[in-house]
Amino acid sequence: GESVGLHLPTLSVQEGDNSIINCAYSNSASDYFIWYKQESGKGPQFIIDIRSNMDKRQGQRVTVLLNKTVKHLSLQIAATQPGDSAVYFCAETPYNQGGKLIFGQGTELSVKP
Amino acid sequence: DTGVSQDPRHKITKRGQNVTFRCDPISEHNRLYWYRQTLGQGPEFLTYFQNEAQLEKSRLLSDRFSAERPKGSFSTLEIQRTEQGDSAMYLCASSPGTSGKHDNEQFFGPGTRLTVL
């Protein structure tokens, strides 16, 4: 079925280390992928996106990698900070479905000072 | 604050009561989405509007749920005869919805947390 899932439900890293959060998706028709950050009691916050015609995109301290061959998405956070502690969701948008997002379960990132 | 706003932020109701939530999207955003999120899960799509037209409804949206966007600006989500299983965070998001580089980028509101006793 159509689903987006995450390999690890929790991830704990030391402040200053790099973090990698992984995601697997199953809908090969999806053409747009987004990573969201959600802090407790708040709505998801856009981090970075990537279209299916790209395999890498960089932002400020974040990089998203897309491997369409194995339907895998990852989010890399450089020099992780305590403020990065949150739940991270990947989401996909199937082509021509009005932009609705299909979210995975989420990975909780905990940054130790 | 020019982001997406939702009201109320919290709602506690008794089973069987009706509740209505409001979402104010970012000004001039054509698309408006409703999602539901339960604890530990990612948001699940419920429905979306292109201007005032409701273009898709998820099978999750039973006949007790109804959403409107009468003037293509704010939207309301009503749940009739609430059940305990309706307890969740209800999230609203908006996007420009026009052709362009970021037309799919959705901006989320803070959500309305519903508790049905």
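So, a few notes on the structure that sits alongside this text. (Residues numbered from 1 in each chain as written. Chains lettered and ligands numbered in written order. Predicted model: local features only at pLDDT ≥ 70, side-chain atom pairs only at ≥ 80, totals over all residues. Heavy atoms only, no water.)

1. Some details on the pattern of salt bridges
Residue and element names in this part refer to chain A.
- Per the counting criterion, the structure on display carries 7 salt bridges over all chains.
- Its salt-bridge partner being Asp-84, residue Arg-61 comes within 2.9 Å of it at the nearest N-O pair. On the criterion of sequence distance, the pair formed by Arg-61 in the loop between β6 (56–58) and β7 (62–67) and Asp-84 in the loop between β8 (72–77) and β9 (86–94) is long-range, its members being 23 residues apart.
- The exposure class of Arg-61 is partly exposed, given its relative accessible area of 32%. (Salt bridge = Lys/Arg side-chain N within 4 Å of Asp/Glu carboxyl O. Helix = DSSP H or I, 4+ residues; strand = E, 2+ residues; numbered from the N terminus. Buried < 20%, exposed > 50% of the residue type's maximum accessible area, 1.4 Å probe, protein only.)

2. What to know about the nonpolar core
- Trp-35, Leu-73, Leu-75, Tyr-88 and Leu-109 of chain A are the most contacted members of the largest nonpolar core, which totals 20 residues.
- Listed in part, the 19 residues of the second largest apolar core include Leu-32, Phe-49, Ile-79 and Leu-114 of chain B. (Core = buried A, V, L, I, M, F, W, Y, C linked by side-chain atoms within 4.5 Å.)

3. Quick word on the interface of chain B and chain A
- Contacts between chain B and chain A engage 23 residues on the former and 21 residues on the latter.
- Summed over both sides, the interface of chain B with chain A buries roughly 1,700 Å², with 47% coming from carbon and sulfur.
- The tally of links between chain B and chain A comes to 1 salt bridge.
- A salt bridge links Glu-56 of chain B to Lys-100 of chain A; the shortest N-O distance between them is 2.7 Å.
- Mapped onto the side of chain B that touches chain A, the elements with two or more residues apiece are β4 (31–37) and β5 (44–50) of chain B.
- Per element, the largest residue contribution to the side of chain B that touches chain A is 4 residues, and it comes from β4 of chain B.
- Considered class by class, the residues forming the side of chain B that touches chain A number 8 nonpolar, 9 polar and 6 charged. (Contact = heavy atoms within 4.5 Å. Buried area = accessible area lost by both parts, 1.4 Å probe. Nonpolar A, V, L, I, M, F, W, Y, C, P; charged D, E, K, R; others polar.)

4. Quick word on the sheet that holds strand β8 (residues 75–79) of chain B
All names here are of chain B.
- Read across the open sheet, the 4 strands follow the order β1-β3-β8-β7; overall the sheet is antiparallel. A single partner strand is all that each edge strand has here, and the edge strands are β1 (5–7) and β7 (65–68). Within this sheet the neighbouring strands show an average axis-to-axis angle of 15 degrees, counted without direction.
- The pairing of strand β3 (residues 19–24) with β8 spans 5 bridges and is antiparallel. Bridge pairing links Cys-23 to Ser-75 in β8. (Pairing = 2+ DSSP bridges. Axes fitted to C-alpha atoms, helices over the stretch in contact; angles between N-to-C directions.)

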